[in-house]
Amino acid sequence: KYHVVNINNIIPLWKTAHVLRIPLLAYHCIEWIKADLQTTNAFDIMYETNEYAAMETIRSISLQKIANNFRQCEKDWFLKLGLEPLKNVLENVSSMHPQKVSDIALHYIQHVAKEYLETVFVQLSDCIRQVRSKDALYLYVLSVKFGVDSTSNMCRSVINKNYHQLNHDDLNAIEDDAVRCALSFNYETATRDSMLQMDANTVVDIFELVNRDFQVDELKRCSFIVNYLKHTNNETKESVFLKLAKYINQIDSKDALYLYGLSVKF
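Residues numbered from 1 in each chain as written. Predicted model: local features only at pLDDT ≥ 70, side-chain atom pairs only at ≥ 80, totals over all residues. Heavy atoms only, no water.

Visitor: Tell me about the pattern of salt bridges, and name the residues and values.
Guide: Counted under the stated rule, the structure contains ten salt bridges. Glu-56 is paired through a salt bridge with Arg-59; the nearest N and O atoms lie 3.0 Å apart. With a gap of three residues between them, Glu-56 and Arg-59 both fall in helix 4 (residues 56-68), about one helical turn apart. For Lys-134, the salt bridge is made with Asp-135, and the minimal N-O distance between the two is 3.2 Å. Linked through salt bridges whose partners overlap, the residues forming this network are Arg-156, Arg-212 and Asp-213. (Salt bridge = Lys/Arg side-chain N within 4 Å of Asp/Glu carboxyl O. Helix = DSSP H or I, 4+ residues; strand = E, 2+ residues; numbered from the N terminus.)

Visitor: Tell me about the nonpolar core, and please be specific about residues and values.
Guide: With 91 residues, the main nonpolar core has Phe-78, Leu-124, Leu-183, Met-195, Phe-207 and Phe-224 as its most contacted residues. In terms of residue count, the dominant contributor to this core is helix 12 (residues 200-213) (seven residues). (Core = buried A, V, L, I, M, F, W, Y, C linked by side-chain atoms within 4.5 Å. Buried < 20%, exposed > 50% of the residue type's maximum accessible area, 1.4 Å probe, protein only.)

Visitor: Give me a nonpolar patch on the surface: which residues, what numbers.
Guide: On the surface, Val-19, Leu-20, Ile-22, Leu-24 and Tyr-27 cluster together into a nonpolar patch covering about 520 Å² of accessible area. Counting residues per element, the ones that place at least two in the nonpolar patch are helix 1 (10-20) and helix 2 (23-36). Tracing the backbone shows Ile-22 in the loop between helix 1 and helix 2. A relative accessible area of 33% means that Ile-22 is categorised as partly exposed. (Patch = residues over 30% accessible without salt bridge, like charges linked within 9 Å, V, L, I, M, F, W, Y side chains within 5 Å. Areas by Shrake-Rupley, 256 points an atom, 1.4 Å probe, with all protein chains shown as cover.)

These values are about where atoms sit, not about what they do.
Pasting the structure below:
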């Protein structure tokens, strides 16, 4: 009878109907899930049926239930889904709930095992359409590491506009010193101080990255170059000046005479 079916036995009943070829029992299972399945239980159904190809109908109904009630779903519920079912749900609702879809995709990425991180990130990056300031550095690190240009471009835009709202703990996850310096050059005195110890070629590499990916503060760059030149010994000052002079596009009045003297001399 139909009333025998409930959330606790629908999976074993369906399996029984499938193995023993009892179409009426299978019909009762489908009718129950169409009429009585709750959103929270739909995630459990998806999880339990993930490995059974024969349960595609039940999975499809469960996915639709989740999509229809997406607004009420908690982020942790989606951790029960496999990658493909998750993508199906998120792609179906992304145009209506872009920020929540992005948040869920990020939450899923943050909870995946390390050995699957690249696969999951690359697959879900298309679902990330809006980036919150606090998440921008984390996503930027992954997008650079795994070569997802669309996400890194989106993250750079957020980073450039909202640097002080970022989660600065994520800066340490950037393995490339040049990228880390380019990203924080405008805002961190400690970054500029550390660059005084670098060779001129490394400084040039950082400025190239700043020009390409980040919005540089021209006056801060000019002041840094002046400071760098003052820390450079006389034997190499000419070659260093010639390398760095092309990055001086605005000059602070307090630095004008010093730079004028070098430009005339060299």
